[in-house]
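# Architecture at a glance
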Amino acid sequence: MTHISMMFMASFLAATLLPGGSEVLLAALLANDGALWWQLVLAATVGNTLGSMTSYLLGFVGRKAITPEQMASKGYQRSLAVIEKYGVWSLLLAWLPVIGDILCVIAGWLKFPPILTGSLIFIGKLLRYLAIAAISLHWPN
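Everything in this summary refers to the structure shown in the same document. Everything numeric here is computed off the predicted structure, so don't read it as measured data.

### A short note on the nonpolar core
- If you look at the biggest cluster of nonpolar residues, it comprises 19 residues, and the most contacted ones within it are L91, L103, I106, F112 and I121.
- Counting residues per element, the ones that place at least two in this core are α3 (37–61), α5 (74–86), α6 (99–109) and α7 (114–138).
- At seven residues, the largest contribution of residues to this core is made by α6.
- What L103 contacts, discounting residues up to four positions off in sequence, is S79, V82, I83, S90, L91, L93 and A94.
- Ranked by size, the runner-up nonpolar core spans twelve residues in total, among them L30, V41, A44 and A133.

What follows is the structure, encoded as structure tokens:
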């Protein structure tokens, strides 16, 4: 498995099934081969965005299974407050631990436009991975 495909898979899984890990893997891969920085950042961003869009789809499909009362439960309150305040623009924060996954589910539940949703998620995650790459590549060894 190449570094690029490993980065893609890890970032996809981190946004769906497994918590964390993609940032550490990106930093480690960059330490191993910094020349691949843009390919690794792109693979991480696309993989993580697709993972978040999976959460969006689950929210969209789960709309029939989760009532508004259940959505207003304690587990969703922080994410709901962010979405109520910033609307679709809150998806720029989909990279945040814990709250980001819930933001994506709620976006699907609220039927936010999928192309705009995916674009905003992509931008937020790209900025995060670019910051990690910049720090990793310029951090003194």
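### Here we look at a nonpolar patch on the surface
- Taken together, the side chains of W37, W38, L42, V46, L50, I123, L127, L130 and L137 present a nonpolar region at the surface, about 780 Å² in accessible area.
- Those elements giving two or more residues to the nonpolar patch turn out to be α3 and α7.
- Considering each element in turn, the nonpolar patch owes the most residues, five residues, to α3.
- Residue placement: L42 occurs in helix α3.
- With relative accessibility at 40%, the residue L42 sits in the partly exposed group.

### Things to note about the pattern of salt bridges
- Counted by the stated rule, this structure contains one salt bridge.
- The shortest N-O distance in the salt bridge between R128 and E23 comes to 2.8 Å. Here R128 is found in helix α7, whereas its partner E23 is found in helix α2 (residues 22–32), with 105 residues between them in sequence.
- Classification of R128 by relative accessible area gives buried; the value is 12%.

### Topic: the packing of α3 against α6
- Where α3 contacts α6, the axes come no closer than 6 Å and their chain directions differ by 45°. In terms of orientation, α3 lies oblique with respect to α6. Where α3 crosses over α6, the two elements pack in a sense that is right-handed. Here S52, S55, Y56, G59 and F60 of α3 come into contact with α6, specifically with D101, C104, V105, A107, G108 and W109.
- Here the contact of α3 with α6 is composed, by residue class, of six nonpolar, four polar and one charged.

Rules used in this analysis
- Residues numbered from 1 in each chain as written.
- Predicted model: local features only at pLDDT ≥ 70, side-chain atom pairs only at ≥ 80, totals over all residues.
- Heavy atoms only, no water.
- Core = buried A, V, L, I, M, F, W, Y, C linked by side-chain atoms within 4.5 Å.
- Buried < 20%, exposed > 50% of the residue type's maximum accessible area, 1.4 Å probe, protein only.
- Helix = DSSP H or I, 4+ residues; strand = E, 2+ residues; numbered from the N terminus.
- Contact = heavy atoms within 4.5 Å.
- Patch = residues over 30% accessible without salt bridge, like charges linked within 9 Å, V, L, I, M, F, W, Y side chains within 5 Å.
- Areas by Shrake-Rupley, 256 points an atom, 1.4 Å probe, with all protein chains shown as cover.
- Salt bridge = Lys/Arg side-chain N within 4 Å of Asp/Glu carboxyl O.
- Axes fitted to C-alpha atoms, helices over the stretch in contact; angles between N-to-C directions.
- Parallel < 35°, antiparallel > 145°, perpendicular 65-115°, else oblique.
- Left-handed = near helix turned anticlockwise from the far one by under 90°.
- Nonpolar A, V, L, I, M, F, W, Y, C, P; charged D, E, K, R; others polar.

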